[in-house]
Each structure stands twice: as C-alpha cells, then as structure tokens.
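# Structural overview for review
If you want the building blocks of each chain, they are given just below.
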Amino acid sequence: MKHVTIFFMIIGMAFSLQAQRVCQTPEYYKQIMAQAPASLLGTIGQGAGRDTVRNEILVVPVVIHVLYRTAQENISPEQIASQIAILNQDFRRRNPDKINTPEAFRNVAADAGITFCLARTDPMGRPTSGVIRKYTGEDYFMMDDKMKFAKTGGDNAWDPTKYLNIWVCNLGNRNLGYASLPGGPADKDGVVINCTAFGNTGIARAPFNKGRTSTHEIAHWLGLKHIWGDNRCASDGIDDTPAQEGYNFYCPSFPHMSSCSPDANGDMFMNFMDFTDDACMNMFTKGQAQEMRGQFALNMARNSFLNSFVCDSALASGAPVTDTIPAPRPVFSAQVFPNPVTNFIRLKIEGLSSLEGLQVTLLDALGRKLWMKTVNEKVTEFPSPALVPGIYYLRLTGPGTLKVLKVVKIN
C-alpha cells in the first residue's frame, strides 16, 4: 500500500508540474547580457524622430512565424486571429473577465492604450497576411533562439524596428514562452510562444488556453518585469503593484496573503505579470501601462513603431507572396522492376519511414489518368494485363512527396 501511495504522489507531482506556468524571460535576459556586449544593447528603434502624444493609441504591427513539424503544429488562421483579438482586449482593458478584478485593485487597473494588428506589408513592400508558415525539421525548440534563424530550423526575423516578431512553435522543458527585452540584439528581438499556449482555440491547451501567455510575454517585450521582481519580496519597479513574496500558480482566492503583503489586500495574483492560470489573469496597473507606453517615447527602444505603417495594405505593391514555406520533400528511391513490364507493374520503394498517405497514379503517354491506388507495402504488384504496349508514367504522391517513373509496357 505504501508503494502505491508513493506512486500516485509521484504521478500527482508530475501532473502538477505540467499545469504550472513556466516563463523563461529572466533566464533568457541573463543569457543575452552574458553574450552581447553592452554597446549592442539599447539601440533598437531609437531616433525615429517624434515622441508619443498624450492619449495616443499605439499600434504594433505583428508578424507571426509559425514553425511546424506536424500538421497539428501548423496552427489554424482562427487560432492566430483569436490571439490578436485577445491582445487587443487585454492591452485596452476590454477583456470581458475584467469584472473579476477585485474591488480593492480596480482603481489602479488600466487601459494601456496599445493595440496589435497583423502586418499587411512585408519588408519588401509586398502584400502579406502577416503570417509565415514554415516546416521545420526540429521536434522542439529550447531557449537558445534557434527558432529565430533559418539556418537552425527556424525563420529569420523581420525588421524589428517595424514589426513585433512572434515565433510560434513547439517549445521543450514545459516552457510556455519567453521574450527579448527592449534594446536587445535586433536579429533576436521578439517573442516566442509555445503553439499549445497561443490563442484560445485550435490546439491551445488548458489551463493556458486563454491567450494570456502572449499578453505576459509581450509585456516583457515592452519592459515589464514579473510582479514579484524575480526574487523574494523584490520590486518590479512599479509603484502600484504591491510587494509579494514570490509567484503564484493556479488560481488563488482573494485575498491571498504572503509574508511581505503591505496590507490586507495581499497579492495582486490576477495581474498579467504573475504566474497564475490564464483564466485567473485580468489586469495591468496604471504604473505598468505607463512603463510600457514609455518604451515608445523618443529615444526609447520601441520608438520606431510610431513611424511603422506596415498594417496599411494600401502601402503594399506588387503581387502577394505565399505565406507558406513548404516542407522539404523527403529523399527516397522508387523503381519499377523489371522494366519493361508485361502482366504486372512491380513497384519498390526505399527510404521512406512511413507509407501513410502515399498514392500511385498510372498515366498514359498523353497524361490521362488510368487508375489511382494506395501503397501500403515497400514492394507492391499492380496487375496490368489490359495495358496495350507503349509508354506509361507512374506518379507517386503523398505528404511532401512527388516522384514520376517511366514505365514501358510490352506484350
């Protein structure tokens, strides 16, 4: 009985860990600071030529780099659209669940006045959907920025002075996402989100299926720290976020007290910068909004976005480009033997790990389809006694697969 109890305790702990939020932005920032000379930091977007205007609604154009190895990871347009809608609710305090903000904190809850749109003009001035879909050979990515470079299985960033780059991919180590902070290296600037924590539909997985991972990480991209300051009872530098001992998981009940709570209201665990479940997050504070908006001020890291108009499709010219970078076709061999054939066409396939979805079509010399069959074996025989002597073509098609073989039929 003791062993059974221990077993279920281990299973419970594993389940618990899977359900906890993991954001690696602080660790990522330390990594960047160790790698990049200080002279390279703090330069993105400076000197755009104008300052913010009071009450100006700030617009951030977004490009989504969808990196997929499986069809499931190639998330739907609906899932992408849901995330953009959530960002526009959360950063304008138009989220329906704002009613869950405790009365004690409503007086500091804020509309940050920041909106997001999918880019409609690419860096070359051509029309775009704002979404790039690219097959990757990587099963998953880590916090090493490989998803940000084509040479390492990812996709290169678009101009970070005009676009917020968001890479959506399969992340390892239970990581939901991470963000570059203002002023980081330009080729790594942006946000990375796990495909199962993006938006509120499709493959988004509870309890991180309300789109709040992107809200959290983009707020990092705009300069916010975790609400507990990433240390015990530390400061996040924002005056109207109360001190708390550390992060909160799941969805606590209000009030939730910690050892350094300044008053009876306890932790602001419903803040987007804590670690609670998506359904428990619902607010930024006025101080946080001011900090994020400050990044768009003159000589600050996001100032160049004031002069970015790539969400305007009227500025695009030329033919639209495809938003999909196709998966590479697998290398394999196929042969008909013997060739010429008589009463049977024998097909041998080598080099494919799976034949799922592979079809064979027989065409005559004029390209007319005679029959189509599914291939289930590495060596397959197709009866062909009715074929008249002549030239035929065997076309093999499947997921990412195309090959055409010439077949000679004799008596």
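Computed from a predicted model, the values in this text were never measured in an experiment.

Rules and cut-offs
- Residues numbered from 1 in each chain as written.
- Predicted model: local features only at pLDDT ≥ 70, side-chain atom pairs only at ≥ 80, totals over all residues.
- Heavy atoms only, no water.
- Helix = DSSP H or I, 4+ residues; strand = E, 2+ residues; numbered from the N terminus.
- Buried < 20%, exposed > 50% of the residue type's maximum accessible area, 1.4 Å probe, protein only.
- Contact = heavy atoms within 4.5 Å.
- Areas by Shrake-Rupley, 256 points an atom, 1.4 Å probe, with all protein chains shown as cover.
- Pairing = 2+ DSSP bridges.
- Axes fitted to C-alpha atoms, helices over the stretch in contact; angles between N-to-C directions.
- Expected span 1.5 Å × (residues − 1).
- Core = buried A, V, L, I, M, F, W, Y, C linked by side-chain atoms within 4.5 Å.
- pLDDT = per-residue confidence, 0-100.
- Salt bridge = Lys/Arg side-chain N within 4 Å of Asp/Glu carboxyl O.
- Polar contact = N/O pair within 3.5 Å; in protein donor to acceptor, adjacent residues only side chain to side chain.
- Phe/Tyr/Trp six-rings, centres within 6.5 Å; stacked < 30°, edge-to-face > 60°.

### Some remarks on the overall build of the protein chain
The helix and strand inventory of the protein chain stands at six helices and 14 strands. Per-residue burial over the protein chain gives 49% buried out of 411 residues. Long-range contacts, defined as pairs at least 24 residues apart, comprise 69% of the intrachain contacts of the protein chain with a sequence gap of at least 6. Of the roughly 19,600 Å² of accessible surface on the protein chain, a fraction of 55% belongs to carbon and sulfur atoms.

### Some words on the environment of Trp228
You can see Trp228 is positioned in the loop between α5 (212–221) and α6 (286–294). What Trp228 contacts, discounting residues up to four positions off in sequence, is Cys233, Ala234, Ser235, Gln244, Gly246, Tyr247, Met273, Asp274 and Phe275.

### Observations concerning the pairing of strand β11 (residues 369–374)
As judged from the five bridges shared by strand β10 (residues 359–364) and β11, these two strands associate in the antiparallel manner. Bridging from a neighbouring strand, Leu363 pairs with Lys369 of β11. Between β10 and the antiparallel strand that follows it, β11, lie four residues; Gly367 among them carries a positive phi value of about 85°.

### Thoughts on the sheet that holds strand β12 (residues 379–383)
One open sheet accounts for three strands, arranged β8-β9-β12; its pairing is antiparallel. Whereas interior strands pair on both sides, the edge strands pair on one side only; in this sheet they are β8 (333–336) and β12. Going across the sheet, the axis of each strand differs from the next one's by a mean of 20°, ignoring polarity. Here strand β9 (residues 344–350) pairs with β12 via five bridges, running antiparallel. Along β12, the bridge assignment pairs Leu347 with Thr380.

### Describing helix α3 (residues 77–90)
Here α3 spans 20 Å end to end across 14 residues, near enough to the 20 Å set by a 1.5 Å rise per residue. Every buried residue of α3 is accounted for by Gln79, Ile80, Ser82, Gln83, Ile84, Ile86, Leu87 and Asp90.

### Topic: the nonpolar core
In terms of nonpolar packing, the biggest core is built from 52 residues, with Ile64, Phe91, Ile114, Ile166 and Ile218 touching the most fellow members. Secondary structure elements with two or more residues in this core: β1 (58–68), α3, β2 (114–118), β4 (164–169), β6 (191–194), α5 and α6. Of all the elements, β1 adds the most residues to this core, at five residues. Residue contacts for Ile166: discarding those within four places in its chain leaves Val62, Val63, Ile64, His65, Val191, Ile193, Phe198 and Ile218. If you look at the next biggest cluster of nonpolar residues, it comprises 21 residues, including Val341, Ile349, Leu362 and Leu396.

### Thoughts on the environment of Gly211
Its place among the elements puts Gly211 in the loop between β6 and α5. Relative accessible area serves as the criterion here: at 0%, Gly211 is assigned to the buried category. The residues contacting Gly211, other than those within four sequence positions of it, are Gln83, Ile86, Gly199 and Asp278.

### Let's talk about the confidence of the model for the protein chain
When pLDDT is averaged across the protein chain, the result is 87; 87% of the residues are at 70 or more. Low pLDDT, under 50, characterises residues 1–18; the predicted model gives this stretch four contacts beyond four residues in sequence or across chains.

### Comments concerning the pattern of salt bridges
One pass over the full model with this rule turns up 14 salt bridges. Measuring nitrogen to oxygen at the nearest pair gives 4.0 Å for the salt bridge that ties Lys134 to Asp155. Of this pair, Lys134 sits in strand β3 (residues 131–135) while Asp155 sits in the loop between β3 and β4, and the two are 21 residues apart along the sequence. Note that Asp364 is salt-bridged to Arg368, the shortest N-O span being 2.7 Å.

### Section: the side chain of Asn248
Position of Asn248 relative to the elements: it lies in the loop between α5 and α6. Side chain to side chain, Asn248 and His256 meet in a polar contact 3.2 Å long. Look past the residues within four positions of Asn248 in its chain and what remains in contact with it is His256, Asp267, Phe269, Asp274, Phe275 and Thr276.

### Here we look at unusual backbone geometry
Residue Phe254 is joined to Pro255 through a cis peptide bond whose omega torsion reads -5°. Note on placement: Pro255 falls in the loop between α5 and α6. Even without glycine at this site, Arg174 takes up a positive phi of about 60°. Topologically, Arg174 is positioned in the loop between β4 and β5 (177–179). In this model, Asn299 sits at a positive phi of 70°, which is unusual for a non-glycine residue. Take Asn299: it is sitting in the loop between α6 and β7 (324–325).

### So, the packing of aromatic side chains
Per the counting criterion, the structure on display carries 15 aromatic pairs. Their ring planes at 50° and their centres at 6.2 Å tell us that Phe249 and Tyr250 sit as a pair that is tilted. Overall, the relative accessible area of 34% leaves Tyr250 in the partly exposed class. Summarising the aromatic geometry, the rings of Phe272 and Phe284 are spaced 4.7 Å apart at their centres and angled 55° between planes, so their arrangement reads as tilted.

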